[in-house]
Amino acid sequence: MNDIRRTILWVIFGFSLVLLWDQWQVYNGHKPTFLPSAKTAAPADSSAPPAASASGVPAAAAPAAGAVPVQGSAPAIGEKVTVSTDVFKATIDGEGGTLSELQLLQFLDQTNHGGLVEWARRLVGLPVPQNEVHPVMLMENGSPATRYVAQTGLLNTVDTGDRFPNHLSLMTARPGPRELAEGQNKLEVVFESQPVGGIKYVKTYVFQRGDYTIRVNHQVVNVSDKPRDAQLYLQFTRHGTVAAGTMFGTNTFTGPAIYTEQKKFQKIDFSAITKGKVELPAPADNGWVAMVQHYFVSAWLLNVPGSDTIKREFRVADLGNNLFSVAMVLKLPELAPGASQAIDSNLFAGPEEEKKLEAIATGLDLVKDYGIFAIISKPLYWLLNKLHGILGNWGWSIVALVVLLKAAFYWLNAKAYASMAKMKAINPKIMEMRERLKDKPQEMQQEMMRIYREEKVNPMGGCFPIVIQIPVFIALYWVLLSSVEMRHAPWILWIHDLSAPDPWFILPVVMTATSLFQTWLNPTPPDPMQAKLMWIMPLAFSVMFIFFPAGLVLYWITNNVLSIAQQWFINKRLGVLGNPPKKPKVPTLAKPGK
């Protein structure tokens with residue numbers, strides 16, 4: 001019975017690895033191997049009516065796909081301005097002064113990491129795909145399938161009143177530099193609209209060297225002879241395509257997010273928007289909106305002095321054609337004729353680096369998704385980050401992390417390994433008893449428990465190392481999955497990216513060898529089928545580890561090596577080594593006449 005429990009624990013652990021491997025396959029652009037994908041956010045029917053204004057920005061700010069723009073029968077076509085800094089290459093569209101394309105120059109994507117597969121293809125004369133390296137494209141204004149833009153505009157609070165300049169209005173770029181020159185720390189790009197409904201809208205983008213936060217100033221000018229009431233909206237529009245997930249949803253979150261001090265951090269699924277099942281926070285004088293995806297996030301923030309006096313409302317909408325929006329709408333004071341008002345906002349668009357996000361805005365670090373084991377993942381990341389500050393290498397930081405964890409649990413593991421060593425020592429006695437009582441299962445179980453009591457052995461004692469490693473292993477998986485710092489982080493020699501699989505499969509082979517050696521040190525289950533399973537499982541795991549991130553395999557190898565050293569020491573001290581149990585001798589009857 002106890003052997004079965006231990007086997008069940010291994011099966012649970014193995015199933016966890018299957019789930020994690022499936023998800024890593026998804027993030028590497030492959031279909032899940034073992035489990036069917038859960039239903040992803042399906043593209044919304046383009047013929048469906050747009051969401052009601054209560055749940056999204058009104059029609060002027062969030063028109064359905066193909067809606068007639070406010071200026072006339074055709075969309076406004078404005079000048080596209082390309083801006084270059086040390087961290088961004090951005091395109092700002094004259095249609096609404098929209099940030100329509102944004103490349104993150106410090107983060108690269110590549111199509112071919114090189115390795116054993118490519119070497120083998122060259123060896124047999126097969127073509128090898130060319131390695132294409134290009135900056136990460138965070139935003140782009142292509143087809144609805146890839147559209148992701150940052151928009152702003154003004155709303156008229158009077159339903160029957162004139163339209164105000166919005167993200168479909170034609171805006172003109174003022175002359176000026178478009179590239180952050182050497183030695184220059186700030187670059188300003190100004191767009192202004194023609195008066196619409198008696199309101200003129202001027203938007204200024206301020207880029208700063210080394211900063212992923214873009215300051216956006218909004219100046220609203222009343223050029224009419226009557227008072228005007230207006231609202232300013234800050235909005236993201238993004239396609240609703242997300243990475244496929246398994247039945248357990250082990251993938252980082254993609255979609256809109258809203259934060260207020262009252263309701264705290266709230267993730268909003270695209271599917272919930274389509275179904276109208278979103279409970280938005282109440283209007284507040286604090287908070288922000290964001291669009292989250294793997295490794296990167298964009299967020300509209302009002303975190304400048306004086307912004308806590310501005311009331312803001314939060315809205316989401318299904319725009320049809322697989323497009324969704326999340327917006328923050330600001331109520332502006334009444335503008336007298338000839339008066340103007342300026343509102344400062346910040347647009348963060350960059351990596352989910354936890355410490356930097358914490359410093360930018362309250363709760364912004366929560367966009368980094370640690371999954372169901374966040375309570376373990378966050379301390380693990382904190383410790384990893386501290387170790388990295390000392391060692392300067394994420395790979396060695398992972399090794400050091402395992403050493404610290406093994407030290408922390410040394411005595412508990414020592415007791416478990418001692419129990420396993422004692423189990424190994426009494427295995428011959430158990431085998432002999434099972435052979436003798438194989439036709440009497442109830443008596444066999446009673447006799448087995450008697451042997452355990454007499455030998456003072458806890459058969460479940462050896463399960464502790466397995467149980468304690470499962471949540472830590474999964475938590476570290478989430479740390480590696482969600483931490484952009486691990487992306488393209490090198491270790492040594494051929495390992496150039498700890499978040500990607502080992503291109504030469506060396507680490508998985510070493511992991512398999514250490515796992516098999518550790519199995520040899522463990523007590524052999526009396527049941528032959530269970531004994532075979534204990535040897536087969538490390539081999540099965542090795543197949544999955546081939547596609548796991550190198551950082552995770554490095555963690556497991558280090559853990560195996562330290563466990564082997566501790567277990568070997570305990571087995572040697574107790575006089576038990578990895579010898580297989582001897583098969584009990586069955587007495588033979590003497591032949592007649594002898």
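Definitions and limits used
- Residues numbered from 1 in each chain as written.
- Predicted model: local features only at pLDDT ≥ 70, side-chain atom pairs only at ≥ 80, totals over all residues.
- Heavy atoms only, no water.
- Core = buried A, V, L, I, M, F, W, Y, C linked by side-chain atoms within 4.5 Å.
- Buried < 20%, exposed > 50% of the residue type's maximum accessible area, 1.4 Å probe, protein only.
- Contact = heavy atoms within 4.5 Å.
- Salt bridge = Lys/Arg side-chain N within 4 Å of Asp/Glu carboxyl O.
- Helix = DSSP H or I, 4+ residues; strand = E, 2+ residues; numbered from the N terminus.
- Phe/Tyr/Trp six-rings, centres within 6.5 Å; stacked < 30°, edge-to-face > 60°.
- pLDDT = per-residue confidence, 0-100.
- Pairing = 2+ DSSP bridges.
- Axes fitted to C-alpha atoms, helices over the stretch in contact; angles between N-to-C directions.
- Polar contact = N/O pair within 3.5 Å; in protein donor to acceptor, adjacent residues only side chain to side chain.

### Observations regarding the nonpolar core
No. 1: Membership of the largest hydrophobic core comes to 72 residues, with the highest contact counts inside it found for L99, L102, L104, M139, F207, F236 and W300.
No. 2: Leaving out residues up to four positions away in the same chain, M139 has contacts with L99, S100, E101, L102, Y148, V149, A150, F236, S298 and A349.

### Here's the deal with the pattern of salt bridges
When the charged atoms of two side chains lie near each other, side chains of opposite charge can form a pair.
No. 1: Within this structure, the stated rule accounts for eleven salt bridges.
No. 2: With a closest N to O distance of 3.0 Å, K356 and E353 form a salt bridge.
No. 3: For E353, a relative accessible area of 18% puts it in the buried group.
No. 4: The salt bridge partner of K368 is E354, with a shortest N-O separation of 3.6 Å. With K368 in the loop between α4 (354–360) and α5 (374–391) and E354 in helix α4, this residue pair connects regions lying 14 residues apart in the sequence.

### Section: the environment of S377
No. 1: Mapped onto the elements of the fold, S377 is located in helix α5.
No. 2: Sequence spacing of S377 and L476 is 99 residues, and the spatial spacing of their C-alpha atoms is 6.2 Å.
No. 3: Those residues in contact with S377, other than ones at most four positions away along the chain, are Y370, A475, W478 and V479.

### With respect to the packing of aromatic side chains
No. 1: On inspection of all chains with the given rule, the structure shows twelve aromatic pairs.
No. 2: When the ring of F107 is compared with that of Y212, the centres are 6.4 Å apart and the planes differ by 50°; the resulting orientation is tilted. Here the residue F107 occupies a position in strand β3 (residues 98–110), and Y212 occupies one in the loop between β8 (199–208) and β9 (213–222), the gap between them amounting to 105 residues. Accessibility assignment for this pair places F107 and Y212 in one class, buried.
No. 3: A centroid spacing of 4.9 Å and a plane angle of 40° characterise the contact between F270 and F324, whose relative ring orientation is tilted.

### Quick word on the confidence of the model for the protein chain
No. 1: Averaged over all residues, the pLDDT of the protein chain is 79; the fraction at 70 or higher stands at 74%.
No. 2: Throughout residues 33–56 the model reports pLDDT below 50, and contacts reaching past four residues in sequence, or to other chains, amount to 46 contacts.
No. 3: Contacts for the low-pLDDT stretch residues 58–75, under 50 throughout, to residues beyond four places or in other chains number 34 contacts.

### Considerations on the sheet that holds strand β7 (residues 186–193)
No. 1: Strand order in the open sheet made by the nine strands is β6-β7-β8-β9-β17-β14-β13-β11-β12, with antiparallel pairing throughout. The sheet is open, and its two edges are formed by β6 (171–173) and β12 (264–267), each paired on a single side. This sheet shows a mean twist of 20° between the axes of neighbouring strands, independent of strand direction.

### Quick notes on the side chain of S377
No. 1: Looking at S377, the relative accessible area reads 0%, which means it is buried.
No. 2: At 3.1 Å, the side chain of S377 and the backbone oxygen of A475 are in polar contact.

### Focus: unusual backbone geometry
No. 1: Even without being glycine, K264 reaches a positive phi, approximately 65°.
No. 2: With respect to the helices and strands, K264 occurs in strand β12.
No. 3: The backbone phi angle of L493 is positive, close to 45°, even though this residue is not glycine.
No. 4: Tracing the backbone shows L493 in the loop between α10 (464–482) and α11 (506–521).

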